[in-house]
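Structural features, examined
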Amino acid sequence: DAKTTQPPSMDCAEGRAANLPCNHSTISGNEYVYWYRQIHSQGPQYIIHGLKNNETNEMASLIITEDRKSSTLILPHATLRDTAVYYCIVRVLTGNQFYFGTGTSLTVIP
Amino acid sequence: GAGVSQSPSNKVTEKGKDVELRCDPISGHTALYWYRQSLGQGLEFLIYFQGNSAPDKSGLPSDRFSAERTGGSVSTLTIQRTQQEDSAVYLCASSSRTGGNYGYTFGSGTRLTVV
């Protein structure tokens, strides 16, 4: 599975959009981009995933560049409860496991 | 049940003792995974079960660690002769065969403290 690179930490003002970047320059054609988050003391929670088209659900939007070498997770109106570590992972849909890096620690500031 | 259940939620044990951690996956999920997370660290893969196939044990850190999955459902992770460096949160996750659209569903973990 391809490796990903994320900034270790970010801050975001409450109510503003949080844009979390991820680089995955070695991604292969059949690998999806997944995003999970982990709120303190809880197990990781699925957010969204995509292959090459932009995706949106009730939690977030995922923007994948045309060359698929990077992506951005967008939380449109960040709340204090969005404070968490966000993990960007790439893997094939039927892969055995997810390789979690150290993620981005997002702090939403009142 | 509706989610992945892990027990106990917290476990304090003395160095050198054996511990067993339990995971009840989502009903019908054929894949089950164990990860651990040390304080301030990312998730470290331990072991993966898929149906009746031989488990992928490539992440187990030493032969003191073992896991089994009985009847394709409940799994037990056993740590023998615990050491202080085993202190971590042990997370279990399950998924359908292909991971579906949602990848894994994680439990809330067992926090293991070795004193």
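**A look at the overall build of chain B**
- Tallying secondary structure elements over chain B gives zero helices and ten strands in all.
- If you list the helices and strands of chain B from N to C, you get β-β-β-β-β-β-β-β-β-β.
- For 115 residues, the compact-globule estimate of 2.2 N^0.38 gives 13 Å, and chain B sits close to it at 13 Å.
- The C-alpha extent of chain B, read off along each of the three principal axes, is 40 × 25 × 25 Å.
- A buried classification covers 48% of the 115 residues belonging to chain B.
- Counting only contacts in chain B whose residues sit at least 6 apart along the sequence, the fraction spanning at least 24 positions is 55%.
- Accessible surface, chain B as shown: approximately 5500 Å² in total, 44% of it carbon and sulfur.
- One finds the centroid of the 11 positive side-chain charges in chain B at a distance of 2 Å from the centroid of its 10 negative side-chain charges.

**A look at the pairing of strand β8 (residues 88-95) of chain B**
All names here are of chain B.
- Counting buried residues in β8 gives eight out of eight residues, a clear majority hidden from the surface.
- Residues Ala88, Tyr90, Cys92 and Ser94 line one face of β8 and the alternating positions Val89, Leu91, Ala93 and Ser95 line the opposite face, and both faces are buried.
- Sheet analysis places strand β4 (residues 31-37) next to β8, joined by seven bridges and oriented antiparallel. In the strand pairing of β8, Trp34 is matched with Cys92.
- Sheet topology places β8 next to strand β10 (residues 110-114); three bridges connect them, and they run antiparallel. When the bridges of β10 are listed, Val89 appears paired with Arg111.
- Across two bridges, β8 lies against strand β9 (residues 105-106) in antiparallel orientation.

What counts and what doesn't
Residues numbered from 1 in each chain as written. Chains lettered and ligands numbered in written order. Predicted model: local features only at pLDDT ≥ 70, side-chain atom pairs only at ≥ 80, totals over all residues. Heavy atoms only, no water. Helix = DSSP H or I, 4+ residues; strand = E, 2+ residues; numbered from the N terminus. Rg over C-alpha atoms; globule rule 2.2 N^0.38 Å. Buried < 20%, exposed > 50% of the residue type's maximum accessible area, 1.4 Å probe, protein only. Contact = heavy atoms within 4.5 Å. Areas by Shrake-Rupley, 256 points an atom, 1.4 Å probe, with all protein chains shown as cover. Lys, Arg positive; Asp, Glu negative; His and termini not counted. Charge placed at Lys NZ, Arg CZ, Asp CG, Glu CD. Pairing = 2+ DSSP bridges.

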